[in-house]
Every structure is written in C-alpha cells, then in structure tokens.
Amino acid sequence: MSDQPRRTRKPAKPYRRPKKDPVRILAFEALRAVDERDAYANLVLPPLLRKARENGDFEARDAALATELVYGTLRRQGTYDAVVAACVDRPLREVDPPVLDVLSLGAHQLLGTRIPTHAAVSATVELARVVLGDGRAKFVNAVLRKIAQDDLAGWLERVAPPYDQDPEDHLAVVHSHPRWVVSALWDSLGGGRAGIEELLRADNDRPEVTLVARPGRATPAELLDEEAAEPGRWSPYAVRLTEGGEPGAITAVAEGRAGVQDEGSQLVALALANAPVEGRDRMWLDGCAGPGGKAALLGALAAERGALLLASEKQPHRAGLVAKALHGNPGPYQVIAADGTRPPWRPGSFDRVLVDVPCTGLGALRRRPEARWRRRPEDLDGFAPLQRGLLRTALESVRPGGVVGYATCSPHLAETRAVVADLLKQFPDADLIDARPLLPGVPDLGEGPDVQLWPHLHGTDAMYLALIRRTG
C-alpha cells in the first residue's frame, strides 16, 4: 500500500444560473427576426422596445443602448464577419446563425462602442448562456477573447486587403458594404477615393429623425418648439430632431398634421409641385403613392392651389396607409388601389405626375442597414421592367405641357439615368427639364438636368429625380 497521502478533490463549484440582461436579449431577438424573417429593424425594434417599457424592463437609456446594439451591429456586419472569420477555425457558413448573431453583438461592443472590454465580453457570454446554452457559450467566450486582443483599426489592417491591390474589396471590408454595392455607388458618384469613402462612412452614420410640417395643417415653428429640434437644411417644411426621440409623441405627428419624412423625399415632392407647367394646373397624380409620405405633402400643396390629388397604390394595404396619411387633407383628394402599369384613368388626364418607383433602396442604407446584405445584383433585372412600365404610364398619363417626376431611392445608374434614357427614346415629344433650380439653395447638384442627392453631401437619403415635360 502506498504511503502517499490521498489527494482530496476540490468540491465542484455550484452551478450558477446565467444573468438575464433584458437589453442584450432584446437586441438578439431583433437580429434574429431580421435574419430569420427578412424583417426590417426599423419595423421590428419599436414594438419590442414598447413592450419592454410596458413591462417595466427598460428605461430610456436602456432603449438607447438596445437601439445602438441592433443598428450598429447591422451596419458593420460585413466588417465584423471578416473579424470573426479570422478568429474561428471553420468557414462562417458553418457557424450557426444564432451563434453568429451573438458573436456580432459582442464584436460591436468590443470594436464599435465605448463599453469596457471585460464588460463587453462577460455580458455577451452571459447572453450566450441564456440564448444558446453553456456549451456554445464557451465557444463564444473563446472567440470574443481573440477579438478583444486588438482594436478596430488593428483588425482592419489584418482583414482588409490593401487599397492599392483591390480598392473595391478594401472599401467593402473597411466600410461594411458588399463589394458590388461599393462598385455601383462609385460608378454613380464618380470621382476618386475621398468621395466614395465619405459616402460609405455616411451610410454607416445614424441618421437624424426629420419631420415635415404639412402645409396648411402645421407649421415648422410649431415643431421647433420640441426639445432638440432644428430647422431643416433645404426644405422649408422640414424640422430635424437632432437627438432622436419618439416622433409619435409629438402632437402634430399624432394628429397627422405633420409626419416623419426624409428631407430628400420632401425635396422631390416640392420640385415636382414647383415645376412650371403650361396651361391648367388642376389634376395631380401620385402613381406609386405608398406608404404616403410624398402623397401627403403633395396633397397639401395641391390644396393650396385648388388642385385635386389622385393617389394610386397597387397594394391594398399600402393604399390604406396612403389614405391614413392623407386623412384630414384640406383639399380634394382620392386614394385608389390600382396597378400603375395598367391604370384605370385616361391618357393625358393629369397636369403633374410623380412616380417614385420601387427599387433596390440603395439610397436609404442609413435607415435600413440590413438591406445592403439582402440585395443582389440580379435584383436590378427584376425591378427594371416595372420601373420602365411605371414611367411609361406616367408619360402617357400627363397632358402636353404637363410635367412628370421620376424618382427613386437608389443612386444606381441602372435604376436612374438608364431608365429615363430608355423611355425618352420611346417618347420623342418628351424632354428633360433642369430640376436643379427647383431645389433652391441645395449645393453640389452636378451638371443636371437631373438631380442626385447624397447622404454625405446633403444629409439626405440618396434620392434621384428627373423632371420630364410632354411637349406634343
């Protein structure tokens, strides 16, 4: 028998239940909804936050952190994927999506916020224990500790290819955009490296909330009484909420006399309304009216001149949103559910026509950051026939001497100038008119006659507008 003393085992540590963090659990739920259901964060997040507040789980600062975690993670998803890929021993496609969402949340806290390293790692591992289980939480812990060994600049040096070897791929990783989107934006913007980097950075900035005071129903002065409210930069009806907030809590917004509307969208409606027409000016058409922001502004402007607005939207539920936006308009209007490519109205019925056509939405990546990862180059082919069909109907619907506004929330040349050029070939009695003088005070509008707005130059979504007059 051995004389060695018997070693006593240390008593096992009692199992500790994971701490539930309502903020990070909510952020994870929002990311899963975006991933699993192709939902949009700006639609998913508000009801989740509202429910959390009603349950007493959240204070204002909690809601702000949850919002930052969701939007920050989505905006920098491409960058964080590259960093995570360098820290795991398998292709990212083999990492379960819920695990990847937790890792992305942790990467954003480590690389994109001021949350201390220890707190970011420990809080994310606790989240993983709650939503993934203890086993996969160990994997999350190991990966996050690798990520924590360097800051964002250091990681970009490691995972982004050098600019001089592959400019587009470098920009795609550094600024978290798909390569094809970088290429398309660069083609439309033109110029060198500085301009495209400024644009991509602006796409990753949190946009301000912009309100519109609908003429005849509310005034900008009324909205400027709100806390942290400032006048818009370009639209006389715009007011910016520089610190965010809940627009629905503002009386004028709750009553429908004002609304949330990007300033670029306001400028498109104003330019069409102010374009010179020959002869009468009594019948206006919004041919793609959903969800109703431009229609509400056009309706108010039409009412001031005694004109009638017809707002047409193909999808019945979106037509309902248009009707809600126009409710209370001081002048005559009508809302119908109709296919804009097969309209029920007669040709030449209108003096002014706006078609803000369905598109890839590459101009609104600040507001819908997840859209950049969903869109594919082949989507352009799917939109092309509809965009051309809607512009064709618009040109047929306006009378000689009247004006058509063709608008998209995309700067992609295939959705903007290419569509307009194709239709002008089919309508020899239609001419482009210079839209730039109809956006007074707005700089950097290019050579014209069409207009492309940019987030980094104008603080708006990247709205495109071409104004076309029928001459024959």
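Our subject is the structure that appears above.
Below: a short report on this structure. (Residues numbered from 1 in each chain as written. Predicted model: local features only at pLDDT ≥ 70, side-chain atom pairs only at ≥ 80, totals over all residues. Heavy atoms only, no water.)

All right, on to the environment of E230 then. Take E230: it is sitting in strand β2 (residues 229–231). Using a relative accessible area of 35% as the deciding quantity, one classes E230 as partly exposed. Between the C-alpha atom of E230 and that of R240, which follows or precedes it by 10 residues, the distance is 5.1 Å. Excluding residues within four positions of it along the chain, E230 makes contact with L224, V239, R240 and T242. (Helix = DSSP H or I, 4+ residues; strand = E, 2+ residues; numbered from the N terminus. Buried < 20%, exposed > 50% of the residue type's maximum accessible area, 1.4 Å probe, protein only. Contact = heavy atoms within 4.5 Å.)

It is worth spelling out the sheet that holds strand β1 (residues 209–213) at this point. The strand order β2-β3-β1-β4 describes an open sheet built from four strands, whose pairing is antiparallel. Of all the strands in the sheet, the pair left with one neighbour each is β2 and β4 (258–260). With direction set aside, neighbouring strand axes in the sheet form an average angle of 30°. Strand contacts of helix α14 (residues 263–274): β1 and β3 (238–241), with the helix running at about 30° to β1, the strand carrying the most contacts. (Pairing = 2+ DSSP bridges. Axes fitted to C-alpha atoms, helices over the stretch in contact; angles between N-to-C directions.)

As a further point, take the side chain of S235. Relative to the helices and strands, S235 is located in the loop between β2 and β3. Within polar-contact distance, the side chain of S235 engages the side chain of Q266 at 2.7 Å. Aside from chain neighbours lying at most four places away, what touches S235 is E263, Q266, L267 and L270. (Polar contact = N/O pair within 3.5 Å; in protein donor to acceptor, adjacent residues only side chain to side chain.)

On to empty space enclosed by the protein. In this structure the tally under the stated criterion is two cavities of 30 Å³ or more. Estimated volume of the largest cavity: approximately 40 Å³. Taken together, L285, G287, G340, W345, V353, V355, L390, T393, A394 and S397 form the lining of the largest cavity. Among the secondary structure elements, those contributing two or more residues to the lining of the largest cavity are β8 (350–356) and α18 (379–397). Tallying contributions element by element places α18 first for the lining of the largest cavity, with four residues. Split into classes, the residues belonging to the lining of the largest cavity amount to six nonpolar, four polar and no charged. Lining the second largest cavity are L267, V268, L439, V451, L453, M463, Y464 and L465. (1 Å grid on protein atoms, 1.4 Å probe; cavity = no way out; pocket = protein on both sides within 12 Å on 5 of 7 lines; lining within 4 Å. Points joined across faces, edges and corners; volume = space filled by probe spheres on them. Nonpolar A, V, L, I, M, F, W, Y, C, P; charged D, E, K, R; others polar.)

In this structure, the second largest pocket spans a volume of roughly 570 Å³. Forming the boundary of the second largest pocket are 22 residues, of which D35, Q77, G78, D81 and W373 lie nearest the centre. Elements supplying a minimum of two residues to the lining of the second largest pocket: α1 (22–37), α4 (77–85), α5 (97–111), α9 (167–174) and α17 (371–374). If you tally residues by element for the lining of the second largest pocket, the top one is α4, at four residues. Among the residues making up the lining of the second largest pocket, the classes are represented as 10 nonpolar, three polar and nine charged.

Next up on the list: the pairing of strand β12 (residues 464–470). Counting buried positions over the seven residues of β12 gives seven, a clear majority of the element. By the alternation rule, side chains of β12 split into Y464, A466, I468 and R470 and L465, L467 and R469, which are all buried. Here strand β10 (residues 430–433) runs beside β12; their pairing, made up of four bridges, is antiparallel. Each bridged residue has a counterpart across the sheet, and for I433 the counterpart in β12 is L467. By the bridge criterion, two bridges tie strand β11 (residues 451–452) to β12 in an arrangement that is antiparallel. Bridge pairing in β12 places V451 opposite L465.

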